[in-house]
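Structural description and commentary
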Amino acid sequence: MRSLVFCLLIIPTIVFSQADNQSDAARIKLRLKKLNVLSSVLYMAAHPDDENTRIITYLANDNLATTGYLSLTRGDGGQNLIGPEIRDQLGLIRTQELLAARRIDGGQQFFTRANDFGFSKSADETFHIWNKDEVLSDVVKIFRQYQPDVIITRFPPDERAGHGHHTASAILAQEAFDLAASKDIYPDQLQNLSVWQAKRLYTNTGRWWNTSINESTPGVVTLHVGAYSALLGQSYTEIAAVSRSQHKSQGFGSSGTRGDQPEFLEYIKGAKAEKSIFEGINTTWSRVKGGEKIQPLVTKAIAEFNEENPAASIAIVLQIRKAIMALEPGIWKTRKLQETEQLLVDCLGLYIDVTADKYYVAPGQKVVASIELVNRSGVPVTINRIEAKDIAVDSATAMALQDNIPVLLRYSRSIQRDEPYSAPYWLNEKHGVGLFTVTDKNLIGKPENDPAIPVTFTITIAGERLQVVRPLRYKWTDPAKGELSRPFEIVPPVFLNLSSNVVIFHDATPHEVAVTVKSASDARITGTLRLELPQGWRTDPASIALDIHERGEEQIKTFQVYPASKEETGILKAVAVIDGAGSFDRSIQTIGYDHIPTQTLLPKAEAKVVRLDLKKEGTVIGYIRGAGDETPAALRYMGYTVVEMKNEDVNAVNLKRMDAVVVGVRALNTNPRMGYSMPALLEYVKNGGTLVMQYNTNDAVAKNFSPYSLELSRDRVTEEDAEVRILKPEHPVVNIPNKITAQDFDGWVQERGLYFPNKWDPSFEAILSMNDKKETPKDGSLLVAKYGNGYYIYTSLSFFRELPEGVAGAYKLFANIVSLRGQRAEPAPAQANRKRKNKHT
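Rules and cut-offs
- Residues numbered from 1 in each chain as written.
- Predicted model: local features only at pLDDT ≥ 70, side-chain atom pairs only at ≥ 80, totals over all residues.
- Heavy atoms only, no water.
- Buried < 20%, exposed > 50% of the residue type's maximum accessible area, 1.4 Å probe, protein only.
- Helix = DSSP H or I, 4+ residues; strand = E, 2+ residues; numbered from the N terminus.
- Pairing = 2+ DSSP bridges.
- 1 Å grid on protein atoms, 1.4 Å probe; cavity = no way out; pocket = protein on both sides within 12 Å on 5 of 7 lines; lining within 4 Å.
- Points joined across faces, edges and corners; volume = space filled by probe spheres on them.
- pLDDT = per-residue confidence, 0-100.
- Contact = heavy atoms within 4.5 Å.
- Salt bridge = Lys/Arg side-chain N within 4 Å of Asp/Glu carboxyl O.
- Core = buried A, V, L, I, M, F, W, Y, C linked by side-chain atoms within 4.5 Å.
- Axes fitted to C-alpha atoms, helices over the stretch in contact; angles between N-to-C directions.
- Parallel < 35°, antiparallel > 145°, perpendicular 65-115°, else oblique.
- Left-handed = near helix turned anticlockwise from the far one by under 90°.
- Nonpolar A, V, L, I, M, F, W, Y, C, P; charged D, E, K, R; others polar.
- Expected span 1.5 Å × (residues − 1).
- Phe/Tyr/Trp six-rings, centres within 6.5 Å; stacked < 30°, edge-to-face > 60°.
- Lys NZ or Arg CZ within 6 Å of the ring centre and 35° of its normal.

Along strand S34 (residues 660–663), one buried face is formed by Ala 660 and Val 662 and the opposite face, lined by Val 661 and Val 663, is buried too. Relative to S34, strand S32 (residues 620–624) runs parallel, the two sharing four bridges. Bridge assignment links Gly 622 to a residue of S34, and that residue is Val 661. Pairing analysis gives three bridges linking S34 to strand S35 (residues 690–693), with the strands arranged parallel. Across the sheet, Val 663 pairs through a bridge with Met 693, a residue of S35.

Rendered as structure tokens:
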């Protein structure tokens, strides 16, 4: 049990680093210098990309403080500029983007259970939806666990923060600053943690809410974050720009800056500082009982470090490690022991990697692990023992690693049958709008799961034993990108992927629903597959036999689904009953982008089924993609043929084939060619076409997107149940072919809409009016204008969220929008012939 506890302690610094990324001499020296600094800072805000990477980079690499970022949410409610993923999937992407950023700027990453439910206009609303006490308890837990000397918030605790989540993050930081020090607050946490009082709390004051702030402002501490690191060969702002550029899903690519760059910190709570946020804090080894003798050892190691022979420092680093191990338990012993053992690995140039023969395996199945060990130094290193959670690897005799001579080992063993699946821990259970469900409280705060299988190597260096942990992972070579890797994961023996997440039934006609059944097992799989449906629905056949012979084999099974006789919404669920193994109901989703590791989700194999009397007009819809959404799939569910048009496809000949053209969300922001496409699109409208422009932010790159003047704003309606008033009840868009009433706005998710226009030409008709509580009406969510013989529609309603969720009213309204019909202009020759005929007559 002792080795297990130790293994868990060292995972954060060793396991989550890539085994290939060997530190160079400059990084080793920086880590040696950091070993002599005992200070900690926690930066705190609401979302991924809220953090100031300039400050985190500067504190971690110049001040050499242990620096972390606490993001209350994972950014699930934002938009995605690189793909179609939204909500939970987007939160997973943004979690990994934060971890990628921290690998660059040197910080650590933490989260609470709070769910980003979308834009919020007040902290009160935010706290109501989150359940304030639950999120506050998470913040207190992280303060007690991380024990920061200094806390820095990104936002002020009032409306200047510009977002209810932002304001809430500042309020929670101030409250937790005091509460974390009280033994009467969340006493259950104190079974494993101790109370903690940070020294001071400051706010990273932004120019957008305090334009006059400067170094001489009372109560302000200035950080000169643009300093240059000769050791790293970059200024801290240049490093920070690379870190910030990892937020690719939000379009936050940044250019590095050089020269002095001030950041201002404004006093909030605790001991006020005059010049440095570390004033009054002992940042030396003397802050730890018995640590005084360690300081000179580290100072000597720094002075004697040989950049061309880091292994020459092994002896003194081992001395430092021995002195740290003699200290009483505490946060600084844990942190500095981790740093010291990483230094030993770095100075040795020790390469240890464990790779699997496949990237996922089901419980009870065999995995073969290949181990590569290389000691790239003249210092004697011996491997005494190799042990893993599910791969029992015992060395009969100790193995000596000679200088630069690789040792290759190969072992195999079956995964235990009770091993949990590798789904992200905060998505294991169904969750509400405001808070993720995490049953294991020890996981709260962690950015991601621990590796499915950590492998522990007990090694001896110059007579001293220590442990190094590496995650089992899968590696392969891509012909264009070279060597790549992804986490090894434990998954169900069979995946059930439905053909769509939403199935729309226009009437009582049955629809075909396909299930792709894929085996993750080496053994033959036999059993049955069925679909579970709401009462009043049925399938033909009732079940289908399964017989899958090998791993990776896929079979597509098809059911005819008969809907209920009346309009309703329900859940369809696929279930496979496997002979001798039980029931399984998981699908598999993978997310792959170059800037983050491959992510695997194992959600329930479910789809929303919607029975509604949906009518439509037209058959062919052109779609021009924007920032990524699933509207084309929704149009296909409605029964349309969808032609996804590239920039070069937008011309008069192709447009003439379309009954309507829909432009995807934020296309004007993300597609620089839209300005060149707009003349053809507007001419298409003029000739009788229907053009639907979905929401864009007010920094649109194409300015000629409307036939009439139209100004975008930041207006939005965030309350998904806000009252919707139909201003033009006789307009075709709310009558043909489907009658739209207020009830069609029931069941919407996250918001009504965003970035509404707030000024428009009288040629536009405002169809709907809505507003959040205590706000003035917003009438720009759906604007319709006749232009020539056709219709131009601009809508900021959040169809990109509602349609993938199967919101029945959203389908009806969107069907009406694309069904609007103008009078198509006849081709010029036909007009000429008709004129001649009329003249002759």
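In this section: empty space enclosed by the protein. Under the criterion given, the structure shown has four cavities of 30 Å³ or more. If you add up the space inside the largest cavity, you get close to 50 Å³. For the largest cavity, the full set of lining residues is Arg 74, Phe 111, Thr 112, Arg 113, Tyr 425, Trp 426, Phe 436, Val 438, Ile 444 and Gly 445.

A separate point is the confidence of the model for the protein chain. Summarising the model, the protein chain shows a mean pLDDT of 92, and 94% of its residues fall at 70 or more. Below pLDDT 50 for its whole length, residues 1–19 participates in 41 contacts with residues either more than four positions away or in separate chains.

Moving on, we come to the pattern of salt bridges. For the structure shown, the criterion picks out 42 salt bridges. Of the charged contacts, one joins Lys 121 and Glu 775 as a salt bridge, the two residues approaching to 2.7 Å between their closest N and O atoms. One end of the pair, Lys 121, is in the loop between strand S3 (108–111) and helix H5 (123–130); the other, Glu 775, is in the loop between strand S40 (768–770) and strand S41 (782–787), and 654 residues separate them in sequence. Lys 121 sits in the partly exposed class, given a relative accessible area of 31%.

This part is about the pairing of strand S10 (residues 351–356). In terms of burial, S10 is largely enclosed, as six of its six residues are buried. Of the two faces of S10, the one carrying Tyr 351, Asp 353 and Thr 355 and the one carrying Ile 352, Val 354 and Ala 356 are both buried. Of the pairings in the sheet, the one linking S10 to strand S12 (residues 366–374) comprises six bridges and is antiparallel in character. Following the sheet pairing, Ala 356 is matched in S12 by Ala 369. Of the pairings in the sheet, the one linking S10 to strand S17 (residues 464–478) comprises two bridges and is parallel in character.

On to the nonpolar core. The biggest cluster of nonpolar side chains holds 58 residues, and the ones touching the most others in it are Ile 314, Leu 373, Phe 457, Ile 461 and Phe 488. Beyond its immediate stretch of four places on either side in the chain, Phe 457 contacts Ile 352, Val 354, Ile 371, Leu 373, Arg 385, Ile 386, Leu 466, Gln 467, Val 468 and Arg 470. Counting 43 residues, the second-largest nonpolar core is a separate cluster that includes Val 642, Ala 660, Leu 813 and Phe 814.

A few words now on the packing of helix H10 (residues 314–325) against helix H11 (residues 331–348). Put simply, H10 and H11 touch, their axes get as near as 10 Å, and they point 160° apart. With respect to their mutual orientation, H10 and H11 come out roughly antiparallel. Where H10 crosses over H11, the two elements pack in a sense that is left-handed. Touching Ile 314, Val 317, Leu 318, Ile 320, Arg 321, Ile 324 and Met 325 of H10 are Lys 333, Lys 336, Leu 337, Thr 340, Glu 341, Leu 343, Leu 344, Cys 347 and Leu 348, all from H11. Tallied by class, the residues present in the contact of H10 with H11 amount to 11 nonpolar, one polar and four charged.

Helix length check: H10, at 12 residues, gives a terminal C-alpha distance of 16 Å against a target of 16 Å (1.5 Å per residue), a fit within 8%. Among the structural elements, helix H2 (25–34), helix H9 (294–304), H11, strand S16 (454–461) and S17 are those in contact with the buried residues of H10.

With that settled, the discussion passes to the packing of H9 against H10. Running from N to C, H9 and H10 cross one another at 160°; their axes reach a closest spacing of 10 Å. Taken together, the axes of H9 and H10 are roughly antiparallel relative to one another. Pair H9 / H10 crosses with left-handed handedness. Contacts from Ile 294, Leu 297, Val 298, Lys 300 and Ala 301 of H9 reach H10 at Ile 316, Gln 319, Ile 320, Ala 323 and Ile 324.

Our focus in this paragraph is the side chain of Thr 340. Among the secondary structure elements, Thr 340 is positioned in helix H11. Leave out the neighbours within four places in its chain, and Thr 340 touches Leu 35, Val 317, Ile 320, Arg 321 and Ile 324.

It is worth spelling out the sheet that holds S32 at this point. Across the sheet, which stays open at both edges, the seven strands sit in the order S33-S32-S34-S35-S42-S41-S39 with mixed pairing between neighbours. Looking at which strands have only one partner, the edges of the open sheet turn out to be strand S33 (641–644) and strand S39 (764–766). Averaged over neighbouring strand pairs, the angle between their axes works out to 20° when direction is ignored. Pairing geometry for S39 and S41, over three bridges, is antiparallel. Each residue of the ladder has a partner; that of Glu 765, found in S41, is Val 784. The strands touched by helix H12 (residues 631–638) are S32, S33 and S34; relative to S33, the strand with the most contacts, the crossing angle is about 155°.

With that settled, the discussion passes to unusual backbone geometry. In this chain, Asp 540 is followed by Pro 541 through a cis amide linkage whose omega measures 0°. Within the secondary structure layout, Pro 541 lies in the loop between strand S24 (538–540) and strand S25 (543–548). Between Ile 736 and the following residue, Pro 737, the backbone shows a cis peptide bond with an omega angle of -5°. Considering the arrangement of structural elements, one finds Pro 737 in the loop between strand S37 (724–726) and strand S38 (753–760). Here Asn 131, not a glycine, exhibits a phi torsion of approximately 75°, which is positive.

We now examine the environment of Ala 808. Note on placement: Ala 808 falls in helix H17 (residues 808–819). For the pair Ala 808 and Ile 525, spaced 283 residues apart in the sequence, the C-alpha separation amounts to 38 Å. Residues within four places of Ala 808 in sequence aside, it is in contact with Val 610 and Leu 612.

So, about the sheet that holds strand S22 (residues 511–519). An order of S20-S22-S26-S24 is seen for the four strands of this open sheet, with the pairing classed as antiparallel. Each having just a single partner strand, strand S20 (494–498) and S24 make up the two edges of the open sheet. Strand-to-strand twist across the sheet, computed as the mean angle between neighbouring axes with direction ignored, equals 35°. As paired strands, S24 and strand S26 (residues 554–562) are joined by three bridges and run antiparallel to one another. Residue pairing in the sheet places Arg 538 in a bridge with Tyr 562 of S26.

The next thing to look at is the packing of aromatic side chains. Evaluation of the coordinates by the stated rule reveals 19 aromatic pairs. When the centroid spacing of 6.0 Å and the interplanar angle of 10° are considered together, the rings of Tyr 695 and Tyr 755 count as stacked. A residue pair is termed long-range when its members are at least 10 positions apart, and Tyr 695 in the loop between S35 and strand S36 (710–717) and Tyr 755 in strand S38 qualify at 60 residues. Taken individually, Tyr 695 and Tyr 755 each receive the classification buried, so the pair is uniform in this respect. Sitting above the plane of the Tyr 359 ring, Arg 486 keeps its charged end 3.9 Å from the centroid.

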